Amino acid sequence: MTISSEFQRCAWCAEIVPRADGPGRPRRFCKRSHRQRHYEARRLAAAQGIAADEVLLTRQQFDEWRDRRYQLEAALEDAQQDLGDAPALREYTEAFQLVYEAARRTASFRLEPRALGSE
Ligand SMILES: [Zn+2]
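Keep in mind that what you see is a predicted model, and the values were worked out from it rather than measured.

Caption draft 1: Summary view of the side chain of Arg68. Looking at the secondary structure, you find Arg68 in helix H2 (residues 59-83). When neighbours within four sequence positions are excluded, Arg68 is seen to be in contact with Arg105, Thr106, Ser108 and Phe109.

Caption draft 2: Seen up close, the side chain of Gln61. Residue position: Gln61 is located in helix H2. The class of Gln61 is buried, set by a relative accessible area of 14%. Reaching out from Gln61, the side chain makes a polar contact with the backbone oxygen of Arg110 at a distance of 3.2 Å.

Caption draft 3: Representation of the coordination of the zinc ion. All of the protein donors around the zinc ion are Cys10 (SG), Cys13 (SG), Cys30 (SG) and His34 (ND1); their distances to the metal are 2.0 to 2.3 Å. For the zinc ion, the four donor atoms are set out with angles of 97 to 123 degrees between them, so the coordination reads as tetrahedral.

Rules behind the numbers
- Residues numbered from 1 in each chain as written.
- Predicted model: local features only at pLDDT ≥ 70, side-chain atom pairs only at ≥ 80, totals over all residues.
- Heavy atoms only, no water.
- Helix = DSSP H or I, 4+ residues; strand = E, 2+ residues; numbered from the N terminus.
- Contact = heavy atoms within 4.5 Å.
- Buried < 20%, exposed > 50% of the residue type's maximum accessible area, 1.4 Å probe, protein only.
- Polar contact = N/O pair within 3.5 Å; in protein donor to acceptor, adjacent residues only side chain to side chain.
- Donors = N, O, S within 2.8 Å, 3.2 Å for Na, K, Ca; no water.
- Tetrahedral: all angles 85-135°; square planar, octahedral: opposite > 155°, others 65-115°.

Spelled out as structure tokens, the structure:
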């Protein structure tokens, strides 16, 4: 899959929204349930007085995102140290595997806010 700015991204999960053939507005959501969750999050934000530039996350989501970001940062630091002054192919390969795994875990994380301020 190629990531490009020419694709519309889901307003809820940021996955690429398949292009609809024919006339009409471009789709904002990848699936109906995401349109519903987006609506509910905006509705809760309005009810709770969440400002337009604010998002409400659960503690679990916040902690998990912070952990994954930290793991990626640690993998980058480890890879930088392991590469040293004159790295060989093996060191490059191991560093890549370390960073790749951390990046994969970070990229697979999906934020699902409880409340989402209106844009
Ligand atoms: Zn989606």
